[in-house]
Amino acid sequence: MDFYEVIGLVAAFITTASFLPQVFKTYKTKDTSGLSLTMYTTFFIGIVLWLIYGIHLRSLPMILANSITAISSLFLVVMKLKYK
């Protein structure tokens with residue numbers, strides 16, 4: 001693993017971790033009034049495309065970060081639809 005791979009893993013951890021408080025808060029409160037369905041749906045699609053690209057490149061940081069973020073953003077979309 002080279003220096004840039006480590007940088008990628010650190011970046012993946014930080015950006016993915018920054019997304020998780022919103023997921024936990026939404027799960028706990030069931031309040032989705034502040035969430036935009038359009039934004040999170042579009043975000044989810046973009047993350048899935050980044051995941052496909054990361055798989056193509058065999059980039060561990062991209063695969064890990066985008067897998068977790070895709071699941072998290074899909075969860076928020078489902079919560080938004082369920083608790084409108």
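What counts, and at which threshold
- Residues numbered from 1 in each chain as written.
- Predicted model: local features only at pLDDT ≥ 70, side-chain atom pairs only at ≥ 80, totals over all residues.
- Heavy atoms only, no water.
- Helix = DSSP H or I, 4+ residues; strand = E, 2+ residues; numbered from the N terminus.
- Contact = heavy atoms within 4.5 Å.
- Areas by Shrake-Rupley, 256 points an atom, 1.4 Å probe, with all protein chains shown as cover.
- UniProt positions renumbered as here; feature names shortened; annotations may be inferred.
- Axes fitted to C-alpha atoms, helices over the stretch in contact; angles between N-to-C directions.
- Parallel < 35°, antiparallel > 145°, perpendicular 65-115°, else oblique.
- Left-handed = near helix turned anticlockwise from the far one by under 90°.
- Nonpolar A, V, L, I, M, F, W, Y, C, P; charged D, E, K, R; others polar.

K.L.:
Could you give an account of the overall build of the chain, with specific residues and numbers?
P.N.:
Within the chain, the secondary structure is distributed over three helices and zero strands. Dimensions of the chain along its principal axes, counting C-alpha atoms only, are 45 × 20 × 15 Å. Taking as baseline every contact in the chain between residues at least 6 positions apart, the subset at least 24 positions apart corresponds to 70%. Taken as a whole, the chain presents about 5,800 Å² of accessible surface, with 72% of it coming from carbon and sulfur.

K.L.:
Give me the lowdown on the environment of Gly8, citing residues and values where you can.
P.N.:
Here Gly8 shows up in helix 1 (residues 3–29). Considering only alpha carbons, one finds Gly8 and Ala65, 57 residues apart in sequence, at a separation of 9.6 Å.

K.L.:
Before we move on, can you summarise the UniProt feature "transmembrane region" (unreviewed entry) in the chain with the specific residues and values?
P.N.:
Feature annotation in UniProt assigns "transmembrane region" (unreviewed entry) to the following positions: residues 6–23, 35–53 and 59–79. Segment residues 35–53 splits into 89% helix and 0% strand. End C-alpha atoms: 27 Å apart. Within residues 59–79, the helical portion is 95% and the strand portion 0%, while the C-alpha atoms at the span's ends are 30 Å from each other.

K.L.:
Any details on the side chain of Ser72? Residues and values, ideally.
P.N.:
Checked against the element boundaries, Ser72 lands in helix 3 (residues 60–82). Filtering out sequence-adjacent residues up to four positions away, Ser72 remains in contact with Phe19, Leu20 and Val23.

K.L.:
Lay out the packing of helix 2 (residues 37–57) against helix 3 in plain terms, naming residues and giving numbers.
P.N.:
Contact geometry for helix 2 and helix 3: axes closest at 8 Å, N-to-C directions at 155°. The orientation of helix 2 relative to helix 3 falls into the category roughly antiparallel. Between helix 2 and helix 3 lies a crossing of left-handed hand. In terms of residue class, the contact of helix 2 with helix 3 is built from 18 nonpolar, six polar and one charged.

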